[in-house]
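Examining the three-dimensional arrangement
For reference, the chains in residue letters:
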Amino acid sequence: MLTLLRKYPLSIIWVLFILVMCSVRMTSIPLSGSIHIPNFDKLVHFGFFFVLSALLFMESTRQQNTSLTRLKVSIVIFLIAAIYGGSIELLQKFVFTYRSAEWFDFLADAAGSICSLILILIFTTAKKTQTENVH
């Protein structure tokens, strides 16, 4: 457990932040009723999991594990994010019953993760290609 805390401190903090934000009553969040953007909660879910996937990727690749390619790391991260997003929705349905569980929240979670990882793979591949062309 301490190893995970040392290797993934930002990701763990973000995971806990997501859990808290997805478990509190919306009335306990100041100004939560004053935002009237259609499907704003989906954008929030997208953002939560976009950041989570980016943090996981950053902290995973920082470990210098050369046995896993960036694509394999991305697939594992997506699976972790998808399982976590699904778990949050199940918690909202069965534990935090004052919150609503929605399939579209889960899809927004997955979309945020996928978009984050695709952008990271594009930029890291472009950076690697650029570095190789210089040498």
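Residues numbered from 1 in each chain as written. Predicted model: local features only at pLDDT ≥ 70, side-chain atom pairs only at ≥ 80, totals over all residues. Heavy atoms only, no water.

A closer look at the packing of aromatic side chains
Counted under the stated rule, the structure contains 7 aromatic pairs. Consider the rings of W14 and F48, whose centres lie 6.1 Å apart with planes at 80°: the pair is edge-to-face. Linking W14 in helix α2 (residues 9-23) with F48 in helix α3 (residues 40-61), this pair joins segments that are 34 residues apart in sequence. On the basis of relative accessibility, which here comes to 21%, the residue W14 falls in the partly exposed class. (Phe/Tyr/Trp six-rings, centres within 6.5 Å; stacked < 30°, edge-to-face > 60°. Helix = DSSP H or I, 4+ residues; strand = E, 2+ residues; numbered from the N terminus. Buried < 20%, exposed > 50% of the residue type's maximum accessible area, 1.4 Å probe, protein only.)

Observations regarding helix α4 (residues 70-94)
With 25 residues, α4 extends 36 Å from end C-alpha to end C-alpha; this agrees with the ideal 36 Å at 1.5 Å per step. Residues V73, S74, I77, A81, A82, Y84, G85, I88, E89 and Q92 constitute the buried set of α4. (Expected span 1.5 Å × (residues − 1).)

Concerning α3
Its 22 residues place the ends of α3 32 Å apart at the C-alpha level, agreeing with the 32 Å of an ideal helix rising 1.5 Å per residue. Among the residues making up α3, those that are buried are K42, H45, F48, F49, L52, S53, L55, L56, F57, E59 and S60.

What to know about unusual backbone geometry
Even without a glycine there, the phi angle at N39 is positive, about 60°. Along the chain, N39 falls in the loop between α2 and α3.

Examining the packing of α2 against α3
At a minimum axis separation of 8 Å, α2 and α3 run at an interaxial angle of 165°. Of the possible angle classes, the one that applies to α2 and α3 is roughly antiparallel. Viewed along their axes, α2 and α3 form a crossing whose handedness is left-handed. Contact residues: α2 offers P9, L10, S11, W14, V15, F17, I18, M21 and C22, while α3 offers H45, F48, F49, V51, L52, L55, L56, M58 and E59. Residue composition of the contact of α2 with α3, grouped by class: 15 nonpolar, 2 polar and 1 charged. (Axes fitted to C-alpha atoms, helices over the stretch in contact; angles between N-to-C directions. Parallel < 35°, antiparallel > 145°, perpendicular 65-115°, else oblique. Left-handed = near helix turned anticlockwise from the far one by under 90°. Contact = heavy atoms within 4.5 Å. Nonpolar A, V, L, I, M, F, W, Y, C, P; charged D, E, K, R; others polar.)

A short note on a nonpolar patch on the surface
A cluster of nonpolar residues, I114, I118, L119, I122 and F123, forms a patch on the protein surface that exposes about 480 Å² of accessible area. Structurally, the position occupied by F123 is in helix α5 (residues 103-134). Exposure remark for F123: the relative accessible area of 58% places this residue in the exposed category. (Patch = residues over 30% accessible without salt bridge, like charges linked within 9 Å, V, L, I, M, F, W, Y side chains within 5 Å. Areas by Shrake-Rupley, 256 points an atom, 1.4 Å probe, with all protein chains shown as cover. Salt bridge = Lys/Arg side-chain N within 4 Å of Asp/Glu carboxyl O.)

What to know about the environment of T97
For T97, the position within the fold is in the loop between α4 and α5. Spatially, the C-alpha atom of T97 lies 9.2 Å from that of S23, the residues being 74 residues apart in sequence.

Observations regarding the side chain of S11
Tracing the sequence through the fold places S11 in helix α2. A polar atom in the side chain of S11 sits 2.6 Å from the side chain of E59. Residue contacts for S11: discarding those within four places in its chain leaves L52, L55, L56 and E59. (Polar contact = N/O pair within 3.5 Å; in protein donor to acceptor, adjacent residues only side chain to side chain.)

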